[in-house]
Amino acid sequence: MQEKNIWEVALKQFDNVAERLNLESYIREKLRRPNRVLTVNFPVRMDDGSIKMFEGYRVQYSLDRGPAKGGIRYHPKVTLDEVKALAMWMTWKCAVVNIPYGGGKGGVICNPRNMSMGELERLTRRFAIEIASFIGPQRDIPAPDVNTNPQTMAWIMDTYSTNVGYPVPGVITGKPVEIGGSEGRGEATARGCLFTILKACKFLGLPVKNSRVVIQGYGNAGYNMAKLIKGEGAKVIAVSDSGGGIYNEDGLDPEEVMRHKKETGSVVDFPGAKNVTNGDLLEIECEILVPAALEDQINESNVDRIKAKIVAEAANGPTTPGADKILLDRGIFLIPDILANAGGVTVSYFEWVQNLQAFYWKEEEVNRRLKEIMENSFDQVLEIFLREKDVDMRTAAYMLAVNRVAEAIRLRGIYP
Ligand code: NAD
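Definitions and cut-offs
Residues numbered from 1 in each chain as written. Predicted model: local features only at pLDDT ≥ 70, side-chain atom pairs only at ≥ 80, totals over all residues. Heavy atoms only, no water. Helix = DSSP H or I, 4+ residues; strand = E, 2+ residues; numbered from the N terminus. Rg over C-alpha atoms; globule rule 2.2 N^0.38 Å. Buried < 20%, exposed > 50% of the residue type's maximum accessible area, 1.4 Å probe, protein only. Contact = heavy atoms within 4.5 Å. Areas by Shrake-Rupley, 256 points an atom, 1.4 Å probe, with all protein chains shown as cover. Lys, Arg positive; Asp, Glu negative; His and termini not counted. Charge placed at Lys NZ, Arg CZ, Asp CG, Glu CD. Near = heavy atom within 4 Å. Polar contact = N/O pair within 3.5 Å; in protein donor to acceptor, adjacent residues only side chain to side chain. Nonpolar A, V, L, I, M, F, W, Y, C, P; charged D, E, K, R; others polar. Salt bridge = Lys/Arg side-chain N within 4 Å of Asp/Glu carboxyl O. Pairing = 2+ DSSP bridges. Axes fitted to C-alpha atoms, helices over the stretch in contact; angles between N-to-C directions.

Participant: Any chance you could break down the overall build of the chain for me, citing the residues and the numbers?
Facilitator: Along its length, the chain carries 14 helices and twelve strands. Taking 22 Å as the expected radius of gyration for a compact globule of 416 residues, we find that the chain reaches 21 Å, a close match to that expectation. Judged by the C-alpha coordinates and their principal axes, the chain covers about 55 × 55 × 45 Å. Buried residues in the chain amount to 59% of all 416 residues. By sequence separation, contacts in the chain at least 24 residues apart represent 69% of the contacts at least 6 residues apart. About 17500 Å² of surface is accessible on the chain, with carbon and sulfur atoms providing 49% of the total. Measuring between centres, the 52 positive side-chain charges of the chain sit 3 Å from its 54 negative side-chain charges.

Participant: How would you sum up the site of the ligand? Please name residues and give values.
Facilitator: As a structural note, the neighbourhood of the ligand is formed by 20 residues, with T189, Y218, N220, A221 and N316 the closest of them. In this structure, N316 approaches the ligand through a side-chain N or O atom, which is 2.9 Å from an oxygen atom. Computed on the free molecule, the ligand has an accessible area of 830 Å², of which 72% lies beneath the protein chains in the complex. Mapped onto the shell around the ligand, the elements with two or more residues apiece are α7 (220-230) and β7 (235-241). Across the shell around the ligand, the residue classes tally to seven nonpolar, ten polar and three charged.

Participant: Give me the side chain of R185: which residues, what numbers.
Facilitator: Mapped onto the elements, R185 comes out in the loop between α5 (150-164) and α6 (188-204). It turns out R185 is buried and unbridged, and the closest side chain with the opposite charge, E351, is 4.9 Å from it. Non-local contacts of R185, meaning those with residues more than four positions away in its chain, are made with G174, G344, V347, S348 and E351.

Participant: Pulling in residues and values, what's your account of the sheet that holds strand β8 (residues 244-247)?
Facilitator: The seven strands lie next to each other as β9-β8-β7-β6-β10-β11-β12, forming an open sheet whose pairing is mixed. At either end of the open sheet lies a strand with only one pairing partner, and these are β9 (274-276) and β12 (333-335). For this sheet the average axis-to-axis angle between neighbouring strands, irrespective of direction, equals 20°. Relative to β7, strand β6 (residues 212-216) runs parallel, the two being bridged by five bridges. What sits directly across from V213, in β7, is V236.

Participant: Explain unusual backbone geometry residue by residue, including any values.
Facilitator: Between Y415 and P416 the backbone carries a cis peptide bond, its omega angle lying at 5°. Here P416 shows up in the segment after α14 (393-412). Residue N22 is not a glycine yet carries a positive backbone phi of 55°. In this structure, N22 sits in the loop between α1 (6-21) and α2 (25-31). The backbone of D296 shows a phi angle near 60°, a positive value even though the residue is not glycine. By the secondary structure assignment, D296 is in the loop between β10 (288-291) and β11 (310-312).

And the structure:
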């Protein structure tokens, strides 16, 4: 999706940590490659009667700690390299929160903006069948990602189930609650991120109440974060979407902003707030900055002007490796993406567990277990951060995660 090759970035991040952990060379070589890669090309009948070919991918990066797990992305700029990088990151994300999964990811090159619901349904069902023998509740469990949603997951669940002849809710997560989705999945990423922010505030001695929060992106992660953190007494002073940002030093009402966005298509021009650009938004003075939109937002060109005390990465890859170092030098506390946004995959895991047991939990149960996992994981990463002294929180999280995967490889040994 981005100009820079994120596969190169992902490999570089891994190589640095492998070196620091002094990993055996065979483990290093194994983890520099995806375990399995499937490329599919398939036809879809369009509304005008024409037939169009599409290309899609499913990557099972690691099966060392459990079945592969990771979303499916629909975007015109999907590439195999991007899917490989995202699948590698899923491997570390599942390991950092210690849920029993490897890592995977999928994608289809398409432009959902130009497709009707019928076309999207036919594309989804055909892609599901193309990857059906590759995925499964014990093998590889996809989930939503950019431009896919609970409806997409419902079509995949239905297609897979119809073909095997019985319902298999556990083949996919992020489903609607009515067909086996989990309570709490919708807010899970933001809620998980909030738990890590509360922990960071405690560590830094920063009161959450009345702290100023800036959020980039007003979708699932950003909007829910605004609502939840306001509930903790913080002031959400600026938010943005792809149209631009808005700022009010006295605080914004997240629900009212969402109402305005639904009516007008953007948060921009919200009554009583000042319009700002997405670039300016990142540089507003605040205690907590939450990038919740895209990759490559905090980079070497703007990192010097970031004035937050905490950067909590609800988005995947919002900070470049060059900017990481500067944030550390400037004493800005980073909660890295593989930890900060792991609440989504954690509740996906809960969804899968509930599907396999055919026994469903109340939302309080989901949130309680999520809190426990996020807080424990934060503590474990912080412990490495404090012990190692010269690493940032991202490297600490990677060290925890890569170690767990490496240990699984050692214990399982080499077959035959
Ligand atoms: P979403 O599509 O619901 O929302 C994305 C938001 O970002 C939208 O408001 C969009 O307008 C905005 N946006 C797009 N381009 C922008 C730009 N240039 N500047 C500012 N805002 C822009 O997506 P989401 O599910 O909220 O995901 C956001 C990020 O969080 C992604 O990086 C995603 O990978 C990550 N994430 C999401 C989940 C989840 O469960 N939803 C889990 C883990 C990670």
